[in-house]
Amino acid sequence: MSSSALEAEAPDLVCQLDNVQGMVDALSAVRWKRHQDAVVELSEHGVVLIVEDTGCLQAKVYLQRELFIRYEYNAEGRPRFGVSLGLFVDCLNTFSLPGRSSMIEIQYPGPDMQLLVKSVDSLDACIYAEIRTRIPDTISWDYNFEPAGSTPLTFTVKSAALKEAIDDLEWPGSSIQILLQPVPPCVTFKGEGHGDLQTSCIM
């Protein structure tokens, strides 16, 4: 068989990870409901998992290639595929053993465009899983809220403080206004529903 034929058969990505639980924790952070789909994007820089809800809320998990002990990227462009997030997390959990780190290998695509996961650090047994993937929606998952040439406003706040602020503002039918103040650095959430409520987080 020629070297060109071998190159043509090479999967888009083969990577190995020795901290499965860390990946499970990262993906669980964006798992809002039991049945939830995600889009996975591969690149030479790492893996991005994108979830969105009702076209207005989007979360991304970035897994940089430096997190992997092996990262072989052979694709042209940035291939994307859809996957059930719940199924993916549950699958990874089967590779996570309490009290010890487990090494896994992730490959995409398999012979039928599956996501393949297998354990690689045990001489006695091998756990192997195939996860069906699908073609992602044609709508763009990359929202651009800013006009061309503008500088986006961003803020960083502890997740516990943000969750507490949002929970306080979750009234039926209420709208939330977000105000950013650079000096002193502060983000204010203002809700209107059955009365008014305002809460601020110092950054």
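About the criteria used
- Residues numbered from 1 in each chain as written.
- Predicted model: local features only at pLDDT ≥ 70, side-chain atom pairs only at ≥ 80, totals over all residues.
- Heavy atoms only, no water.
- Helix = DSSP H or I, 4+ residues; strand = E, 2+ residues; numbered from the N terminus.
- Buried < 20%, exposed > 50% of the residue type's maximum accessible area, 1.4 Å probe, protein only.
- Core = buried A, V, L, I, M, F, W, Y, C linked by side-chain atoms within 4.5 Å.
- Contact = heavy atoms within 4.5 Å.
- Pairing = 2+ DSSP bridges.
- Axes fitted to C-alpha atoms, helices over the stretch in contact; angles between N-to-C directions.

Engineer: Looking at this structure, I do not really get unusual backbone geometry. What am I missing?
Structural biologist: With an omega of -5°, the peptide bond running from Y108 to P109 counts as cis. By the element assignment, P109 lies in the loop between β7 (104-108) and β8 (115-119). Non-glycine residue M113 carries a positive phi angle of around 65°. In this fold, M113 is placed in the loop between β7 and β8. For M113, a relative accessible area of 44% translates into the label partly exposed.

Engineer: I tried to follow the nonpolar core on my own but got confused; where do I start?
Structural biologist: For soluble globular proteins, the rule of thumb is that nonpolar side chains tend to be buried together. Core analysis: the largest hydrophobic core is formed by 36 residues, its most contacted members being L27, L49 and L92. Considering each element in turn, this core owes the most residues, six residues, to helix α3 (residues 85-95). Residues within four places of L92 in sequence aside, it is in contact with V20, M23, V24, L27, I104 and V117.

Engineer: How should the sheet that holds strand β9 (residues 128-131) be read in this particular structure?
Structural biologist: Within a beta sheet, neighbouring strands are joined by backbone hydrogen bonds and run either parallel or antiparallel to one another. Read from one edge of the open sheet, five strands run β5-β1-β7-β8-β9, paired in antiparallel fashion. Two strands lie at the open edges of the sheet, namely β5 (70-73) and β9, each paired on one side alone. The average undirected angle you get between the axes of adjacent strands in this sheet is 15°. Inspection of the sheet shows β7 paired to β8 by four bridges, in the antiparallel sense. Residue pairing across strands places Q107 opposite L116, the latter belonging to β8. Sitting on the sheet, α3 is in contact with β7, β8 and β9, with an inclination near 175° to β9.

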